[in-house]
There are 2 protein chains.
Amino acid sequence: MLGIADVARHAGVSTATVSRALSGGFHVSPATRLRVEASAAQLGYVVSSNASSLASGRMKNIGVVVPFLNRWFFASVVEGAQQSLQRHGYDLTLYNLTGGASARRSVFEHFLLRQRVDAVIAVSLELTESEVARLHALNKPLVGVGGPLTGVPTLTVDDLAVARLATEHLISLGHTRIAHIGGDKALDLDFNLPTNRRFGYEAALKAAAIEARQDYFRPADFTMAGAYQAAKQLLGRPHGRPTAIFAASDEMAIGSILAARDLGFVVPRDVSVIGVDDHEQAAFFGLSTVAQFPQQQGEKAVEVLMDELRPRPAPRIGLNINMPFELIVRASTARPPE
Amino acid sequence: MLGIADVARHAGVSTATVSRALSGGFHVSPATRLRVEASAAQLGYVVSSNASSLASGRMKNIGVVVPFLNRWFFASVVEGAQQSLQRHGYDLTLYNLTGGASARRSVFEHFLLRQRVDAVIAVSLELTESEVARLHALNKPLVGVGGPLTGVPTLTVDDLAVARLATEHLISLGHTRIAHIGGDKALDLDFNLPTNRRFGYEAALKAAAIEARQDYFRPADFTMAGAYQAAKQLLGRPHGRPTAIFAASDEMAIGSILAARDLGFVVPRDVSVIGVDDHEQAAFFGLSTVAQFPQQQGEKAVEVLMDELRPRPAPRIGLNINMPFELIVRASTARPPE
DNA sequence: CTGAAAGCGCTAACAA
DNA sequence: TTGTTAGCGCTTTCAG
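About the cut-offs
Residues numbered from 1 in each chain as written. Chains lettered and ligands numbered in written order. Predicted model: local features only at pLDDT ≥ 70, side-chain atom pairs only at ≥ 80, totals over all residues. Helix = DSSP H or I, 4+ residues; strand = E, 2+ residues; numbered from the N terminus. Rg over C-alpha atoms; globule rule 2.2 N^0.38 Å. Contact = placed C-beta atoms within 7 Å. Pairing = 2+ DSSP bridges. Axes fitted to C-alpha atoms, helices over the stretch in contact; angles between N-to-C directions. Parallel < 35°, antiparallel > 145°, perpendicular 65-115°, else oblique. Left-handed = near helix turned anticlockwise from the far one by under 90°. Nonpolar A, V, L, I, M, F, W, Y, C, P; charged D, E, K, R; others polar. Least-squares fit on C-alpha atoms with pLDDT ≥ 70 in both. Near = placed C-beta within 6 Å. Buried ≥ 20, exposed ≤ 12 C-beta atoms within 10 Å, placed from the backbone. Right-handed = clockwise from strand over helix to strand, strands pointing away. Expected span 1.5 Å × (residues − 1).

(A) Structural detail: the overall build of chain A. Check the secondary structure of chain A and you find 12 helices and 12 strands. For chain A, the C-alpha radius of gyration of 25 Å lies well beyond 20 Å, the compact-globule estimate for 338 residues. Restricting the contact set of chain A to residue pairs at least 6 apart, pairs at least 24 apart contribute 70%.

Put into structure tokens, the structure is as follows:
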């Protein structure tokens, strides 16, 4: 195997110098560095990450743990993180918890502990205290996305504000009969996200002196099909039909639009619909929504970690980092019918 | 740090014995093995993968390269591979080529060469000869999913047969005016997949003595929005409107259904639509389709690699491994209007 | 079946 | 700025 010694010989320097030259180039004269880099390139030398890691304690690898991969939000976060890591010369090792409790245990009790990652990004995961403790015991920085994780820096959008914004948009158009399709309690997966969005919705109504009717809330499972059913119930009633629906995700909003159409309603003439996410299909459906930017969240998570991994980390401002969101008005919301 | 020596001491054996006991347990008496395992568990010892890899040359890690992550097919393949790898005690390091040419170069010239992976799975990727050669030079097994990669074992569905099956379904219902929405040439990403599907479609028509009309083919970009436009063109014509559409993917089929609806057609009364994939949203739209099973493809890719990584690999049957597919008839296809 | 010891390829003191 | 060298923690001969 081509080793550092070969490069050293070729460049006429010691292995130590090669090592230094190839890793940042500190304490090496520019001339030497260039010569070493040339030799390495010419020979096609790439450091063995194992040997390097073993000697230095740095893995140049980040573990990313997601509950699923096959959802727009998670895949986007991972994609963002991955791109950013690649630029930093880091690998991304993916851990997926789809396998259930045993998979989860094996990830936290085995995989993450074998010194293969420098740090961990946990996406939309409610970690137990022992899971967090384990990682901290190994001195592995941990950052959450879609938190909040207690005691861990976490990137989140302010779900309450997001929901308020969406609802206010509807109110400002003149709607007063505004329904909400949110998550059901069973989805602990997403923290209190559904609950927070519901609170935001209620807060906006309250601020506008609109009553939050119990029967205007429908839980669903964050899928199109689930929201389709929920929207049919909401819109099918003979009396007091809502004129607008705020769905807690774009997929659910799209399900609602399709339900409305199937009932013969025209969106937004008869009923307005707004979602949250700016899912890749939102534009196609002309869906008004509050965008969040998961890819950017992944990138930011990496930035936070890179900082934490630096020899002298900058002091953290606070544990929770608020990520941006933005109202995007398309064709699914309008003034209510007279 | 807790090391192998601690376990050795605790169990009253040498480090060599601990190592053997913990890795398969060959050449160790059952009693000793049990004792060592107990000690390790009690102390919470996990081997350092770096030290282990450096000494043994085995990384227990597989690199998976995908062009995008945020598409149902890719995410599913990765999910399948990941779950299977986890069972084998392997990690999955993800490389994503979204970053364009430079990202691609850095992956193949740097990341994959630093001895961090034992093997590579390339998903829907057309690797250049030099990329393949590089990996082979390092003696790293490579398997493709969604191939074919020349000289590399590849898992694929027989796209020609898939397309034929879908088309035959329509023909058997009595359709003769069957349109096809396929990929445009620009999507080299997906090999000749679009072309193969088109050939399969044409072959089925020919076998039924139906003319393959030029104007019944529309290229699109494998998105819902792209196919929506294409379908509108197809269905909007005043004369000789097709009675059925075979879309080369479910997302495109869904776009076609929505286009048909927006034109006032009823699916399947006025027009039948069939796709390929069995995308997660296919059932919701009542879409008839030819299912392929990407998750299973990911799992199978891992199996092939695990075999190849064995000391004495079983001889490969052939380079191309055909993956299963299956016609699923739902509510989007029916006999043509009288 | 078990132990002793020589590396695996690199990095980081320490010296020069 | 550069070289020398002692490990990093484990696996694997080779003996016993």
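(B) Layout of the sheet that holds strand β12 (residues 325-328) of chain B. All names here are of chain B. The sheet built from six strands is open, its strands ordered β7-β6-β8-β9-β10-β12 with mixed pairing. The sheet is open, and its two edges are formed by β7 (217-220) and β12, each paired on a single side. Within the sheet, the average angular offset between the axes of one strand and its neighbour, ignoring direction, is 15°. As paired strands, strand β6 (residues 178-183) and strand β8 (residues 244-247) are joined by four bridges and run parallel to one another. By the bridge assignment for β8, Ile-178 is matched with Ala-244. Along the sheet, helix α8 (residues 159-172) makes contact with β6, β8, β9 (272-277), β10 (288-292) and β12, crossing β9 at roughly 160°. Running at roughly 160° to β9, helix α11 (residues 250-262) makes contact with β6, β7, β8, β9 and β10 of the sheet.

(C) The arrangement of the packing of helix α5 (residues 72-87) of chain A against helix α12 (residues 294-309) of chain A in detail. Residue and element names in this part refer to chain A. Between α5 and α12, whose axes approach to 7 Å, the crossing angle comes to 45°. Taken together, the axes of α5 and α12 lie oblique to each other. In terms of crossing hand, the pair formed by α5 and α12 is right-handed. Contacts between α5 and α12 involve Phe-73, Ser-76, Val-77, Val-78, Glu-79, Gly-80, Ala-81, Ser-84 and Leu-85 from the first element and Pro-294, Gln-295, Gln-296, Gln-297, Gly-298, Glu-299, Ala-301 and Val-302 from the second. Of the residues belonging to the contact of α5 with α12, the class tally is eight nonpolar, seven polar and two charged.

(D) Looking closely at the interface of chain B and chain A. Residue-level contacts link 37 residues of chain B with 37 residues of chain A. A per-element tally of the side of chain B that touches chain A places helix α5 (residues 72-87) of chain B first, with eight residues.

(E) Examining the relation of the copies chain B and chain A more closely. Of the transformation placing chain B onto chain A, the axial shift is 0.1 Å and the rotation is 180°, giving an RMSD of 0.1 Å. The two molecules are tied by a two-fold rotation axis, judged by turn and shift. Using C-alpha coordinates, one finds that chain B approaches the rotation axis most closely at Thr-93 of chain B, a distance of 2.1 Å.

(F) Local environment of the protein's contact with DNA strand D. In the vicinity of DNA strand D, 26 residues are found, and the nearest of them are Ala-16 of chain A together with Ile-4, Ala-16, Ser-19 and Ala-55 of chain B. At the level of elements, α2 (15-22) and α4 (49-56) of chain A together with α2 (15-22) and α4 (49-56) of chain B are the ones that each hand at least two residues to the surface near DNA strand D. Partitioned by chemical class, the residues of the surface near DNA strand D number 12 nonpolar, 13 polar and one charged.

(G) Geometry of the protein's contact with DNA strand C. All names here are of chain A. Among the 25 residues in the neighbourhood of DNA strand C, the closest are listed as Gly-3, Ile-4, Ala-16, Ser-19 and Ala-55. Tallying contributions element by element places α4 first for the surface near DNA strand C, with five residues. When the residues that make up the surface near DNA strand C are grouped by side-chain class, the tally is 12 nonpolar, 13 polar and no charged.

(H) Seen up close, the sheet that holds strand β7 (residues 217-220) of chain A. Residue and element names in this part refer to chain A. Across the sheet, which stays open at both edges, the six strands sit in the order β7-β6-β8-β9-β10-β12 with mixed pairing between neighbours. Only two strands of the sheet have a single partner each, and these edge strands are β7 and β12 (325-328). Neighbour to neighbour, the strand axes of the sheet diverge by 15° on average, direction disregarded. Each of β6 (178-183), β7 and β8 (244-247) is contacted by helix α10 (residues 224-236), which is oriented at about 160° to β7, the strand it contacts most. The strands touched by helix α11 (residues 250-262) are β6, β7, β8, β9 (272-277) and β10 (288-292); relative to β9, the strand with the most contacts, the crossing angle is about 160°.

(I) Structural view of the pairing of strand β3 (residues 119-123) of chain A. Residues and elements named next belong to chain A. Burial within β3 is extensive, with five of its five residues counted as buried. Neither face of β3 is open: one carries Ala-119, Ile-121 and Val-123, the other Val-120 and Ala-122, and all of them are buried. Bridge analysis of strand β1 (residues 61-66) against β3 gives four bridges, and the strand direction is parallel. Paired with Val-65 across the bridge in β3 is Ala-122. For β3 and strand β4 (residues 142-145), the ladder comprises four bridges, and the chain directions are parallel. Within β4, the residue paired with Val-120 across the bridge is Leu-142. Since β3 and β4 lie parallel, the crossover through helix α7 (residues 129-137) that links them has a hand, and here it is right-handed.

(J) Spotlight on the packing of helix α1 (residues 4-11) of chain B against α2 of chain B. Residues and elements named next belong to chain B. Relative to each other, α1 and α2 sit at 100°, their axes nearing to 8 Å. Taken together, α1 and α2 sit at an angle that is classed as roughly perpendicular. Counted together, Ile-4, Ala-5, Val-7, Ala-8 and Ala-11 of α1 and Thr-15, Val-18 and Ser-19 of α2 form the full contact between these two elements. A class-by-class count of the residues in the contact of α1 with α2 yields six nonpolar, two polar and no charged.

(K) Representation of helix α9 (residues 193-207) of chain B. Residue and element names in this part refer to chain B. The terminal C-alpha atoms of α9 lie 21 Å apart, and with 15 residues this matches the ideal 21 Å at 1.5 Å per residue to within 8%. On its buried face, α9 sits against α8, β6 and β8. Positive backbone phi, at 60°, marks Ala-209, one or two positions downstream of α9.

(L) Representation of the pairing of β7 of chain A in the model. All names here are of chain A. The side-chain alternation of β7 yields one buried face, formed by Arg-218 and Ala-220, and one unburied face, formed by Phe-217 and Pro-219. Where β6 lies against β7, four bridges are found, and the strand directions are parallel. From the neighbouring strand, Gly-183 faces β7, where its bridge partner is Ala-220.

(M) Region of the structure containing the environment of Ala-244 of chain A. Residues and elements named next belong to chain A. Counting through the fold element by element, Ala-244 comes out in strand β8. Using a count of 27 C-beta atoms within 10 Å as the deciding quantity, one classes Ala-244 as buried. Through-space distance from the C-alpha of Ala-244 to that of Arg-177 is 6.5 Å; in sequence the pair is 67 residues apart. Every residue in contact with Ala-244, bar those within four places of it in the chain, is listed here: Leu-170, His-175, Ile-178, Val-271, Ser-272 and Pro-336.

Interpretation note: all reported values are geometric properties and have no functional meaning in isolation.
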